[in-house]
Structures are given as structure tokens and as C-alpha cells.
Amino acid sequence: SLHRDPHRVVLVGESLLGGWDPFRGIELTADADSNWHGVVPLPIEKHFEYKYVLMRDVDGEISSQPTGEVIRYESFDGNRAVDSSGYQMTVDDGEFDAENASDPTRVKI
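The text that follows walks through the structure, step by step, so that each part is easy to find. Keep in mind the model is a prediction, meaning the values are calculated, not measured. (Residues numbered from 1 in each chain as written. Predicted model: local features only at pLDDT ≥ 70, side-chain atom pairs only at ≥ 80, totals over all residues. Heavy atoms only, no water.)

### Remarks on the overall build of the chain
Looking only at helices and strands, the chain features zero helices and nine strands. Counted from the first residue to the last, the chain has its helices and strands arranged as β-β-β-β-β-β-β-β-β. The burial tally for the chain puts 28% of its 109 residues in the buried class. Pairs at least 24 residues apart make up 53% of the contacts formed inside the chain by residues separated by at least 6 positions. Put simply, the chain shows about 7,200 Å² of open surface, and 51% of that area lies on carbon and sulfur atoms. (Helix = DSSP H or I, 4+ residues; strand = E, 2+ residues; numbered from the N terminus. Buried < 20%, exposed > 50% of the residue type's maximum accessible area, 1.4 Å probe, protein only. Contact = heavy atoms within 4.5 Å. Areas by Shrake-Rupley, 256 points an atom, 1.4 Å probe, with all protein chains shown as cover.)

The following block contains the structure:
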């Protein structure tokens, strides 16, 4: 049988990112190295604020929408932020709950 990690990471933020509701946010997937990633379509030249939410899988169900219960939101003051400036961008936010929004090397276009 396939072992599934009972924890999930969900991206939440302004309206396009679920309106800060983790059950409407963007669920990320983990790769073999336990790095979380996802594809998020955003309009160009817009400022977005967001955070990650750690959730626990309660029923074992795999769904296109986040399910389960909220364990916790990132706890640092303020939000993460990015300005969408290209058609395809990679944002490396590092560790969960580690504020690094001022690091200019985290966004690659």
C-alpha cells in the first residue's frame, strides 16, 4: 500500500488564493525530498500577500480541495509577499514558518 504523509501544506492569501480560508486555498504537493511545491496562476504585475497553513489529513481521503483539520498557520508577524512580474516565476520560501520575504534571491523569473 502507498504510505501517505498525514500532513498537508496549503497556500492561503487574498481572493485568488482562497481568501485566507485553508479549505479554499492551494494545496501543495511534496516531492521525494519532502520539498513542497505547486502551480499557482496569478495575474501579472500584482502584489500578493500569503501564508502557508499546516493541515492534518483526518479521513485519508485524497481530494482536489484541501481537507482535514488545521494544525496551524505560520506564526510570524505579517505575511509573505510577492509581486507577480513574469509569465512563469519560481518562489523559494524556504522553511515553513521561517520569515524570509526580504530575501531577493527567493524569486526567479
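After presenting the structure, the write-up continues.
### Section: the side chain of Arg80
Here Arg80 lies in strand β7 (residues 80-84). The class of Arg80 is buried, set by a relative accessible area of 1%. At 2.6 Å, the side chain of Arg80 and the side chain of Glu74 are in polar contact. (Polar contact = N/O pair within 3.5 Å; in protein donor to acceptor, adjacent residues only side chain to side chain.)

### Brief notes about the pattern of salt bridges
Scanning the model with the defined rule gives six salt bridges in all. Residue Lys46 pairs with Glu14 through a salt bridge whose shortest N-O separation is 3.8 Å. Here Glu14 lies in the loop between β1 (7-13) and β2 (26-27) and Lys46 lies in strand β5 (residues 46-56), a separation of 32 residues in the sequence. The class of Lys46 is partly exposed, set by a relative accessible area of 35%. In this structure Glu14 comes out as partly exposed when scored by relative accessible area, which is 23%. Where Asp97 meets Arg72, a salt bridge forms, and the shortest distance between an N and an O atom there is 2.8 Å. Of this pair, Asp97 sits in the loop between β8 (90-91) and β9 (107-108) while Arg72 sits in strand β6 (residues 69-73), and the two are 25 residues apart along the sequence. Judged by its relative accessible area of 36%, Arg72 is partly exposed. Via salt bridges that share partners, Glu74, Arg80 and Asp93 belong to a single interconnected network. (Salt bridge = Lys/Arg side-chain N within 4 Å of Asp/Glu carboxyl O.)

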